[in-house]
Amino acid sequence: YAADLAAYNNGVLHGVWIDADTDVDVMQDEINAMLRKSPYPNVTVEDPETGKQVPSAEEWAMHDSEGLPKYFGEYSGLKAIAEYMELAEEQDTIANDNLRAIVDDYGSVENARTALEDNFCGIYDSFKDYAEETADEQINGLIKGDATEWLTRYFDYDAFARDLEFEMHTIELPDGDVAVFYA
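Overview of the structure.

Rules and cut-offs
- Residues numbered from 1 in each chain as written.
- Predicted model: local features only at pLDDT ≥ 70, side-chain atom pairs only at ≥ 80, totals over all residues.
- Heavy atoms only, no water.
- Axes fitted to C-alpha atoms, helices over the stretch in contact; angles between N-to-C directions.
- Helix = DSSP H or I, 4+ residues; strand = E, 2+ residues; numbered from the N terminus.
- Parallel < 35°, antiparallel > 145°, perpendicular 65-115°, else oblique.
- Left-handed = near helix turned anticlockwise from the far one by under 90°.
- Contact = heavy atoms within 4.5 Å.
- Nonpolar A, V, L, I, M, F, W, Y, C, P; charged D, E, K, R; others polar.
- Salt bridge = Lys/Arg side-chain N within 4 Å of Asp/Glu carboxyl O.
- Buried < 20%, exposed > 50% of the residue type's maximum accessible area, 1.4 Å probe, protein only.
- Polar contact = N/O pair within 3.5 Å; in protein donor to acceptor, adjacent residues only side chain to side chain.
- Core = buried A, V, L, I, M, F, W, Y, C linked by side-chain atoms within 4.5 Å.

Focus on the packing of helix 2 (residues 24-36) against helix 3 (residues 78-90)
- Across the interface, helix 2 lies against helix 3 with an axial gap of 9 Å and an inter-helix angle of 135°. Between helix 2 and helix 3, the interaxial angle falls into the category oblique. Of the two possible hands of crossing, helix 2 and helix 3 adopt the one that is right-handed. On the side of helix 2, the interface is formed by V24, M27, Q28 and I31, while helix 3 contributes L78, K79, I81 and A82.
- Per-class residue counts for the contact of helix 2 with helix 3 are 6 nonpolar, 1 polar and 1 charged.

So, the pattern of salt bridges
- In total, this model carries 7 salt bridges according to the counting rule given.
- With a shortest N-O distance of 3.3 Å, E90 and R113 are connected by a salt bridge. Here E90 is found in helix 3, whereas its partner R113 is found in helix 5 (residues 109-118), with 23 residues between them in sequence.
- Overall, R113 belongs to the buried group, its relative accessible area being 18%.
- One network of salt bridges, in which partners are shared, links E86, E90 and R113.

Quick look at the side chain of S38
- Along the polypeptide, S38 turns up in the loop between helix 2 and strand 3 (43-46).
- A relative accessible area of 9% places S38 in the buried class.
- With residues near it in sequence (within four places) discarded, S38 still touches D4, H14 and A57.

Focus: the packing of helix 6 (residues 127-142) against helix 8 (residues 157-165)
- Axis separation between helix 6 and helix 8 bottoms out at 9 Å; the angle between their running directions is 105°. The angle between helix 6 and helix 8 falls in the class roughly perpendicular. Contacts between helix 6 and helix 8 involve F127, K128, Y130, A131, E132, T134, A135, D136, Q138 and I139 from the first element and Y157, D158, F160, A161, L164 and E165 from the second.
- Looking at side-chain class alone, the contact of helix 6 with helix 8 contains 9 nonpolar, 2 polar and 5 charged residues.

Overview of the side chain of S108
- With respect to the helices, strands and loops of the structure, S108 is situated in the loop between helix 4 (96-106) and helix 5.
- Of the polar contacts made by the side chain of S108, one reaches the backbone nitrogen of N111; its length is 3.0 Å.
- Sequence-distant contacts of S108, defined by excluding residues within four places in its chain, comprise Y71 and V103.

Overview of the nonpolar core
- Within the largest apolar cluster, 33 residues are counted, with the highest numbers of intra-cluster contacts made by I31, I81, Y84, L99 and I102.
- Counting residues per element, the ones that place at least two in this core are helix 2, strand 5 (60-62), helix 3, helix 4, helix 5 and strand 8 (178-182).
- Those residues in contact with I81 that lie beyond four places of it in its chain are A20, M27, M62, L68 and F72.
- Judged by nonpolar contacts, the second largest core, of 14 residues, contains Y130, A135, Y157 and A161.

So, in structure tokens, the structure goes:
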């Protein structure tokens, strides 16, 4: 929700919900149209349709960001929103709530994108599930056949999971799962 700050400072809620799935220019055009309709204009701007100078409010802020990461503040900017939406499109196998949690954990879209591209191991029911899968892959890579079954009976999966967790970065996700990354 993009709010007109001139109206807001005068006790009037005036703003517009914009679709974050559009590009930066389209979002900015929607905000500019809202600002030109301000009940408290404080500047004049050129109307893109008529080319004439018209009254307009000057400043806006994001007062609600439904569906976006919490780290977005009032003045995050439309470019950051567009970058997040691009990341969401790229990572379409990750649920939206989970992706928001990952971006919030990494503190920016850029950091989250890098982590997802370079360090992402996957989403698991628990870190122990990830550790057991990793241990089984390593054991099967070293030993083949019946010896694998024999060795796994004596392998300490809990200790392996505990030690492995020191080398990894985990994020508790809203759906109860855990995202696992190499640290």
